[in-house]
Structures are given as structure tokens and as C-alpha cells.
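Chain by chain, the residues:
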Amino acid sequence: MAIDLTIMLVLGVVLDFFLAMVSLVVLGNYVMPASLVSMLIIFIAVARWDGYGLALSPILPLGVIFGACTIGGYFKAVYSFQTDWQFYLSIVLGYLSFGVNILFYKKLGTKKMLNETWKVILLILLNYALFCGVQYLSYTLLTLGKENELIYQYVNSKNETVTYLIYDKPRNGFIYNLLGLAVMFIGVFIFRSQGIVCNVKQKFIDDKRNAELDEADRKFTIEEVEEESSNESLEGNDDKPKEDSNE
């Protein structure tokens with residue numbers, strides 16, 4: 001379990017780091033995501049390991065945060081712990097909302113839940129709504145009354161002071177996280193087809209049971225063939241003419 005979660009954690013942080021830089025450079029202020037790949041990672045982690053998957057929540061946001069801070073300027077002001085630690089905390093709380101999946105898995109069964117496409121679609125949409133909703137609500141509460149402190153100012157080429165509101169972007173997650181939603185949608189169905197989106201413990205049990213059934217079937221087939229061969233041999237002996245005892 002630890003190795004599996006560590007691999008997912010590293011992939012989520014690294015991919016979010018580079019994708020955050022690319023998306024912010026290309027799209028600029030038009031996208032300020034809280035998550036790009038990490039929503040997919042946390043979805044898979046919870047499906048595979050239930051509540052243990054939520055342990056990734058405090059570290060996964062570091063990818064998009066450090067990626068944005070690397071660009072500097074306004075992006076660093078929005079994502080940096082120094083100026084806006086509330087954003088990081090709100091993302092962590094948003095990921096924790098994926099814990100609702102565990103309730104559905106326990107009630108309906110993970111395998112049954114994930115095998116039905118319409119249920120997976122509804123679950124993804126629910127996760128997105130909860131993530132953005134919890135992130136927005138928690139960030140709003142954490143920054144309540146601190147709006148005057150969350151500003152970014154710089155002097156442009158015309159020697160004019162330009163002011164940006166730092167808190168404005170994190171409050172628009174339903175729009176800025178649409179890239180993450182697309183990644184989660186595509187990724188869940190691709191990895192589901194590969195057997196990756198599953199409950200690992202249940203998969204081990206199913207694989208062991210299938211292996212035992214295959215072994216039993218193989219032994220049964222061998223014994224059946226031997227029995228048929230033995231019967232044919234006996235029938236062949238019965239068909240031979242018996243020697244006259246008087247000869």
C-alpha cells in the first residue's frame with residue numbers, strides 16, 4: 001500500500017508542478033487552478049485504498065502551488081504560503097471531501113459502483129462539486145475580513161501602480177478547475193479499463209478466488225480425461241474374444 005500511494009503521490013505532485021507552469025504561462029489570468037491532475041490521483045487513491053488514500057491530501061497541493069510560485073509575480077502572490085496560506089489549506093480540505101466516495105463504496109460495493117458507467121460519471125461530478133464547493137467555502141471563511149491584506153501591487157512600464165486582488169482567483173474554482181475535471185473524467189475511464197481504478201484488497205481476493213477456481217477446473221479436467229481413458233481401456237479389453245479354457 002505504501003509503495004502504491006507513494007507512486008501516485010509523486011506522479012500527482014510532479015505532473016501538477018509542470019502542468020501548472022504550462023497552463024499559467026499559456027492561459028495567464030484566465031486559469032488559476034487549485035488542481036489539474038491531483039483530483040484524478042485522489043479519486044484513484046480512495047478507490048484503491050479507501051480512507052488511506054486521503055492521506056495524500058496535504059501533499060498533493062504542493063505540485064500546483066510550487067509550479068505557480070516558480071513563475072513568480074502575481075501567480076506567486078496567489079499561491080504562496082507567505083501571502084496566501086489560506087489557499088493551500090482550502091485545497092487540502094477540498095481533497096478531503098473525496099472521502100464521501102468511501103460511503104458509496106461501502107454501501108454499494110466498490111466493484112459494483114465502478115463497473116457501472118453512469119454511477120462513475122455521477123460520482124466524478126459529485127466529487128468536482130464537493131471539491132470546488134468545500135475549497136470555496138473554506139477559503140472564504142479563512143479570508144473573511146482579510147480582503148484588504150490580500151492584494152498584489154506592481155508598477156507597470158508607464159510607472160502606474162497596478163493592483164490585483166489575490167483572494168479573487170481562488171474563489172472561482174468552479175471555472176478554473178475545469179481542466180482538472182476533464183483530466184479526471186478521461187483518466188478515470190482510461191485507468192478503469194486497465195483495472196487500476198479498483199479496490200486493491202477486493203481485487204486480490206477476487207484474483208485468488210479465480211486462481212483457485214481455475215486450478216480446480218484444471219484438476220477436474222485432468223481427472224476427467226484420465227477416467228475416460230481408463231474406461232475406454234476397460235471397454236477395449238471387454239471387446240477382445242475370450243480364450244477357450246479347453247484349448
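To keep things clear, this report deals only with the structure shown in the data block. (Residues numbered from 1 in each chain as written. Predicted model: local features only at pLDDT ≥ 70, side-chain atom pairs only at ≥ 80, totals over all residues. Heavy atoms only, no water.)

**Some thoughts on the environment of Leu-62**
Selection criterion: Helix and strand assignments follow DSSP, with helices taken as H or I runs no shorter than four residues and strands as E runs no shorter than two, numbered in order from the N terminus.
Here Leu-62 shows up in helix H3 (residues 61-71). In this structure the C-alpha to C-alpha distance between Leu-62 and Asp-16, which are 46 residues apart in sequence, comes to 8.4 Å.

**Focus: the pattern of salt bridges**
Opposite charge on two side chains makes pairing possible when the charged atoms of those side chains draw close. For clarity, the threshold we go by: Salt-bridge detection follows one rule: a side-chain nitrogen of Lys or Arg within 4 Å of a carboxyl oxygen of Asp or Glu. Working definition: with a 1.4 Å probe on protein chains only, accessible area under 20% of the residue-type maximum means buried, over 50% means exposed, and in between means partly exposed.
Enumeration according to the criterion identifies 4 salt bridges in this entry. Between Lys-119 and Glu-116 there is a salt bridge, with its nearest N and O atoms 3.2 Å apart. We classify Lys-119 as buried; its relative accessible area is 13%.

**Section: the packing of aromatic side chains**
To describe a pair of aromatic rings, one takes the distance between the centres and the angle between the planes. For the record, the criterion: Aromatic pairs are defined between Phe, Tyr and Trp rings, using the six-membered ring for Trp, whenever the two ring centres lie within 6.5 Å; interplanar angles under 30 degrees are classed as stacked, those over 60 as edge-to-face, and all others as tilted.
In the structure shown here, the tally under the stated rule is 13 aromatic pairs. Both rings, one in Phe-17 and one in Phe-18, keep their centres 5.2 Å apart while their planes meet at 90 degrees; by these two values the pair is edge-to-face. Judged by relative accessible area, Phe-17 falls into the partly exposed class, the value being 23%.

**Structural notes on the layout of surface pockets**
To keep it simple, the criterion reads: Within this scheme a cavity is a closed region of a 1 Å grid, computed over the protein atoms alone, that accommodates a 1.4 Å probe without allowing it to escape, whereas a pocket is open but has protein on both sides within 12 Å along at least five of seven lines; lining residues each have an atom within 4 Å of a point. Grid points are joined across faces, edges and corners, and a volume is the space filled by probe spheres set on the points. Each residue gets one label: Ala, Val, Leu, Ile, Met, Phe, Trp, Tyr, Cys and Pro are nonpolar, Asp, Glu, Lys and Arg are charged, and the others, such as Gly, are polar.
Space inside the second largest pocket adds up to approximately 190 Å³. Considering the residues around the second largest pocket, the lining is formed by Asp-4, Ile-7, Met-8, Leu-11, Leu-15, Val-37, Leu-40, Ile-41, Ile-44, Arg-48, Phe-191 and Ile-196. By residue number, the principal contributor to the lining of the second largest pocket is helix H1 (residues 2-27), which donates 5 residues. Of the residues assigned to the lining of the second largest pocket, the class counts are 10 nonpolar, no polar and 2 charged.

**Quick notes on a nonpolar patch on the surface**
So the rule is basically this: For patch detection, residues must exceed 30% relative accessible area and be free of salt bridges, and they are connected within 9 Å for like charges or within 5 Å for nonpolar side chains (Val, Leu, Ile, Met, Phe, Trp, Tyr). For the accessible areas, the method is Shrake-Rupley and the probe is 1.4 Å, while residue cover comes only from the protein chains on display.
A contiguous nonpolar surface patch, about 710 Å² in accessible area, is contributed by Val-22, Val-25, Val-26, Leu-27, Tyr-30, Ile-71 and Leu-179. The biggest single contributor to the nonpolar patch is H1, with 4 residues. As for its placement among the helices and strands, Ile-71 is situated in helix H3. Relative accessible area serves as the criterion here: at 30%, Ile-71 is assigned to the partly exposed category.

**Describing the packing of H3 against helix H5 (residues 81-96)**
Let me state the cut-off plainly: Lines fitted to C-alpha atoms define the axes here, with helix axes fitted over just the stretch in contact, and angles between the N-to-C directions of these axes take values from 0 to 180 degrees. What sets the label is the angle itself: under 35 degrees gives roughly parallel, over 145 gives roughly antiparallel, 65 to 115 gives roughly perpendicular, and the rest give oblique. Handedness of each helix crossing follows the sense of rotation of the near helix against the far helix: counterclockwise by less than a right angle gives left-handed, clockwise gives right-handed. Every residue pair with non-hydrogen atoms within 4.5 Å of one another is taken to be in contact.
It is at 10 Å that the axes of H3 and H5 come closest, and there the two elements cross at 150 degrees. As far as their axial angle goes, H5 and H3 are roughly antiparallel. Helix-helix and strand crossings are classified by hand; for H3 and H5 the assignment is right-handed. Here H3 contributes Pro-61, Leu-62, Ile-65 and Phe-66 to the contact with H5, which in turn contributes Phe-81, Tyr-88, Ile-91, Val-92 and Tyr-95. Per-class residue counts for the contact of H3 with H5 are 9 nonpolar, no polar and no charged.

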